[in-house]
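Below are the chains, spelled out letter by letter.
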Amino acid sequence: MIPWTLLDTAQIPGGGELRLMRRGTEFSIKLGQNELMNSRLSGSEQALATLTCERLQGCKKPRLLIGGLGMGFTLRAALSALDADARIVVAELVPEVVTWARGPMAEVFGDSLADPRVSIREKDVGALIRAERSAFDAILLDVDNGPEGVSREANDALYNRSGLAAAHAALRPGGVFAVWSSGPDPRFTQRLAKAGFDVDEIKTRANGKRGGARHVIWLATRLGR
């Protein structure tokens with residue numbers, strides 16, 4: 001078996017170190033012993049985008065915010081599902097992740113980062129959300145293993161009551177707040193409902209129709225004006 005090779009490391013603001021690994025054509029990004037993402041397992045990250053975009057049918061000039069660039073699976077799926085008038089802002093906290101996307105993982109990303117619909121912001125997605133009011137038709141979060149922060153404790157602020165209130169305010173009426181998770185979290189479902197969202201919890205697989213680990217995607221639609 002081909003051994004894993006360490007390509008690079010990156011410090012996470014607030015503590016922790018990401019490691020970019022490669023084995024043949026396969027890439028992995030790890031935090032300690034936890035594998036945060038793998039280039040062979042893209043099904044649920046793609047579903048995060050495709051399920052969200054299905055709910056934007058008929059939306060003119062949709063504007064999306066994606067939290068977490070990762071390996072670009074969510075971004076590329078959104079680009080495939082959206083028309084030329086869409087605009088996608090991708091917030092990535094760790095600058096090295098963007099460098100990896102343009103460097104060793106360029107073949108994985110293809111031409112997605114050069115798409116005129118895309119702008120990359122090397123910034124905390126939470127800060128972008130809090131700075132906006134009725135600005136987005138969809139906010140897609142895949143910045144951790146789910147509502148319980150693993151890679152960065154500060155990520156919890158995205159999913160608590162104040163974080164959900166900020167996301168609600170940043171969305172346009174009828175906008176979609178979509179969250180990826182490695183597993184279910186009933187308390188998070190309840191918090192979404194209390195924050196003024198109509199909530200659907202959808203189970204998906206890490207490798208799509210080919211199976212893999214069971215993941216969860218919340219699609220929460222903003223209620224009210």
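In case you missed it, the structure is sitting above this.
All figures in this text were calculated on a predicted structure; none of them were measured in a lab. (Residues numbered from 1 in each chain as written. Predicted model: local features only at pLDDT ≥ 70, side-chain atom pairs only at ≥ 80, totals over all residues. Heavy atoms only, no water.)

> Please explain the pattern of salt bridges as it appears in this structure.
Enumeration according to the criterion identifies 5 salt bridges in this entry. The partner of E26 in a salt bridge is R23, with the nearest N and O atoms 3.0 Å apart. Close ionic contact of E26 with R40 constitutes a salt bridge, the shortest N to O distance being 2.9 Å. Of the two residues, E26 sits in strand 3 (residues 26–31) while R40 sits in the loop between strand 4 (34–38) and helix 1 (43–54), which places them 14 residues apart along the sequence. Classification of E26 as buried rests on a relative accessible area of 7%. Members of the salt-bridge network, linked through shared partners, are R23, E26 and R40. (Salt bridge = Lys/Arg side-chain N within 4 Å of Asp/Glu carboxyl O. Helix = DSSP H or I, 4+ residues; strand = E, 2+ residues; numbered from the N terminus. Buried < 20%, exposed > 50% of the residue type's maximum accessible area, 1.4 Å probe, protein only.)

> What is the right way to look at the environment of K123 in this model?
As for its position among the elements, K123 is in the loop between strand 7 (118–121) and helix 5 (125–130). Residues K123 and G68, spaced 55 residues apart in sequence, show a C-alpha to C-alpha distance of 9.8 Å. Apart from the residues lying within four places of it in its own chain, the contact partners of K123 are A91, E92, L93 and L128. (Contact = heavy atoms within 4.5 Å.)

These values are about where atoms sit, not about what they do.
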